[in-house]
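# Descriptive analysis of the structure
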Amino acid sequence: MNKHIVIIGSGFAAYQLVKSLRKQNELTPITVITADNGDDYSKPDLSHVFSQQQTANDLIKQTADDFARANNITLMPNTRVKAIDSTKQVVHFNDHCIGYSDLVLATGATSFIPPFSGNGTDEIVTLNSLMEYEEQQDKLATAKSVLVLGAGLIGTEIAMDLATSGKKVTLLDRATSLMPTLLPSFISANLYQTMQEKGVDIKLGKEVKTITRHHQELIVTLQDDSYQHADVIIAAMGLAPNTQLAQESGIDVAKGILVNQHMQTSVNNVYALGDCAELNGKVRAFLQPTMLSAMALAKTLLGSPTPVQLPASLVKVKTPWLPLHLSGDTTSDNLMWEVKQEPEGLVAKAFNQTTGDLAGFIVSHNQLKAAFPLLRLLPIE
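Note that the coordinates shown come from a computational prediction; the quantities given were computed from them, not determined experimentally.

Scanning the protein chain from N- to C-terminus turns up 8 helices and 27 strands. Here the C-alpha atoms of the protein chain give a radius of gyration of 22 Å, agreeing with the 21 Å that 2.2 N^0.38 yields for 381 residues. Seen along its three principal axes, the alpha-carbon backbone of the protein chain occupies a region of about 60 × 60 × 35 Å. Looking at the protein chain residue by residue over its 381 residues, the buried ones come to 50%. Split by element, the accessible area of the protein chain, about 18,000 Å² in all, is 48% carbon and sulfur.

And the structure:
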């Protein structure tokens, strides 16, 4: 078969791969098949659309047609792939099929929503894509009170942005601290206090029992039988990698689609990239590892096998009341912290108690510039 790269998906991972391929080769045929409309946008911008008073259209960097023309690709929007025949190297969609020499699954991830009880569960809003925001933007714009379920990175960012825009915000999680997978307790407590002082009602250690519609508002009943009222409920409770298509096609999956250092799946000529891929036991849902993986995969697809090397990733937390950059291990029990609180911000370094090596760090406010020299001291993942 002549070279023909087919990519399923049109999120950051897919489009980063297209751009990386085109930097090296302008002519190799590339087809992108996506269930969305294919517009190019920056997904992290969804965390501050409320304070910026942005619509979905405001977030579009390039329309689907413009992106396709600029990168010389065939784009098939609003098209859902039904099956992959890896023996014949064909993907099936609608009543058609298309052959590939190399196939890349960039199917992303879906917002996780537990199976709550109640007649209001189908009204829960998620903001994991431009299309999801577009569908809900009018409802969100007119809402006066919003309940955010999930106090991880995205939920905390969204809650702060909603409060900045003037809405009454409640942030609820069964965890007992904010962003528990990223922040140690002493910084999480600082963030908690900052948000409380700015008017965010934070409910931690609480679990949802039912969500019901009552006239013009939604009522959330918690396990302790207390109630929360809101015009809109947003779920930011984590992401579940979209692995169904891969699994149905006989490709090995665990939490994500399993890939090796070349981002190749268990099936020849099929690769996975982005939020759906699991490399070395981890699904990495941040931009930097996806970008580096896309650059390496582009070289591999064009005939120069290149293993993915991932240095420690910098996580930029979009919480302007307490801006944070962090990287490495910041939550393990086996850490010893060295904390310097300066007038211009915090520098907190985490050291491995056993080896004494730098394991991670967190910086805040005007100390954000200190992140980059510290980042270079952390080991490759």
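Examined at the domain level, the protein chain breaks down into domain 1 (4-110 + 240-302), domain 2 (113-235) and domain 3 (323-376). One C-alpha centre belongs to domain 1, the other to domain 2; they are set 30 Å apart. Of the residues lining the interface, 19 residues belong to domain 1; the matching set on domain 2 comes to 17 residues. Counting each side, the surface lost to burial between domain 1 and domain 2 is near 1,600 Å², with a carbon and sulfur contribution of 64%. The largest contributions to the domain 1 side of the interface with domain 2 come from L46, S47 and F50, which together make up 41% of the buried area. For the pair domain 1 and domain 2, the interface holds 0 salt bridges.

On to unusual backbone geometry. At H215, a position not held by glycine, the phi torsion is positive, near 55°. Its location among the elements puts H215 in the loop between β14 (208-214) and β15 (217-222). For N269, which is not a glycine, the phi torsion comes out positive at approximately 65°. Topologically, N269 is positioned in the loop between β19 (257-259) and β20 (270-272).

With that out of the way, let us pick up the sheet that holds β15. Pairing within the open sheet is antiparallel, and its 3 strands lie in the order β14-β15-β16. The two strands at the open ends of the sheet, each matched to only one other strand, are β14 and β16 (227-230). Sheet twist, expressed as the average angle between the axes of neighbouring strands with direction ignored, equals 20°. Bridge count between β15 and β16: 4 bridges; the pairing is antiparallel. Considered in β16, the bridge of I219 is made with H229.

To continue, consider the nonpolar core. The biggest cluster of nonpolar side chains holds 50 residues, and the ones touching the most others in it are I7, L17, V91, L103 and L105. With 6 residues, the single largest contributor to this core is helix α1 (residues 12-24). Non-local contacts of L105, meaning those with residues more than four positions away in its chain, are made with I8, I84, A246, I251, I257, V270, Y271, A272, L273 and C276. Counting 44 residues, the second largest nonpolar core, distinct from the first, contains V49, Y133, L140 and A159.

What follows concerns helix α5 (residues 185-197). Over its 13 residues, α5 extends 18 Å from the first C-alpha to the last, a length consistent with the 18 Å expected when each residue adds 1.5 Å. The set of residues buried in α5 consists of I187, S188, L191, T194 and M195. Here the buried residues of α5 occupy an arc of 125° about the axis, which is enough to place them on one side. Turned more than 90 degrees off the buried face of α5, the exposed positions are S185 and E197. Immediately beyond the C-terminal end of α5, within one or two residues, lies G199, with a positive phi of roughly 100°.

Opposite charge on two side chains makes pairing possible when the charged atoms of those side chains draw close. Applying the stated rule across the entire model yields 10 salt bridges. Taking the shortest distance from any N to any O, the salt bridge between R69 and D66 comes out at 2.5 Å. On the criterion of helical spacing, the pair formed by R69 and D66 is a turn pair, its members being 3 residues apart in helix α2 (residues 64-70). Taking the relative accessible area as the measure of exposure, R69 reaches 60% and is therefore exposed. For D66, a relative accessible area of 32% corresponds to the partly exposed category.

The next thing to look at is the sheet that holds strand β6 (residues 81-85). Here we have 3 strands laid out as an open sheet, ordered β6-β7-β8, and antiparallel in their pairing. Pairing within the sheet leaves two strands with one partner each, and these edge strands are β6 and β8 (96-99). Here the average twist between neighbouring strands, direction ignored, is 20°. With 4 bridges connecting them, strand β7 (residues 90-93) and β8 associate as antiparallel partners. From the neighbouring strand, F93 faces β8, where its bridge partner is H96.

Glancing now at the environment of E197. Tracing the backbone shows E197 in helix α5. Taking the C-alpha atoms as reference points, E197 and V232, 35 residues apart in sequence, are found 23 Å from one another.

On to the packing of aromatic side chains, then. Applying the stated rule across the entire model yields 3 aromatic pairs. For the ring pair F50 and Y133, a centre distance of 6.3 Å and an interplane angle of 85° mean the geometry is edge-to-face. Of this pair, F50 sits in the loop between β3 (40-41) and β4 (60-62) while Y133 is found in helix α3 (residues 130-142), placing the two residues 83 residues apart along the sequence. Measuring from ring centre to ring centre gives 5.3 Å for F186 and W337, while their planes differ by 80°; the resulting arrangement is edge-to-face. With F186 in helix α5 and W337 in strand β25 (residues 335-342), the pair connects residues that are 151 residues apart, well separated along the chain.

The rules behind each value
Residues numbered from 1 in each chain as written. Predicted model: local features only at pLDDT ≥ 70, side-chain atom pairs only at ≥ 80, totals over all residues. Heavy atoms only, no water. Helix = DSSP H or I, 4+ residues; strand = E, 2+ residues; numbered from the N terminus. Rg over C-alpha atoms; globule rule 2.2 N^0.38 Å. Buried < 20%, exposed > 50% of the residue type's maximum accessible area, 1.4 Å probe, protein only. Areas by Shrake-Rupley, 256 points an atom, 1.4 Å probe, with all protein chains shown as cover. Domains from an automatic or database assignment. Contact = heavy atoms within 4.5 Å. Buried area = accessible area lost by both parts, 1.4 Å probe. Salt bridge = Lys/Arg side-chain N within 4 Å of Asp/Glu carboxyl O. Pairing = 2+ DSSP bridges. Axes fitted to C-alpha atoms, helices over the stretch in contact; angles between N-to-C directions. Core = buried A, V, L, I, M, F, W, Y, C linked by side-chain atoms within 4.5 Å. Expected span 1.5 Å × (residues − 1). Arc of directions from axis to C-beta. Phe/Tyr/Trp six-rings, centres within 6.5 Å; stacked < 30°, edge-to-face > 60°.

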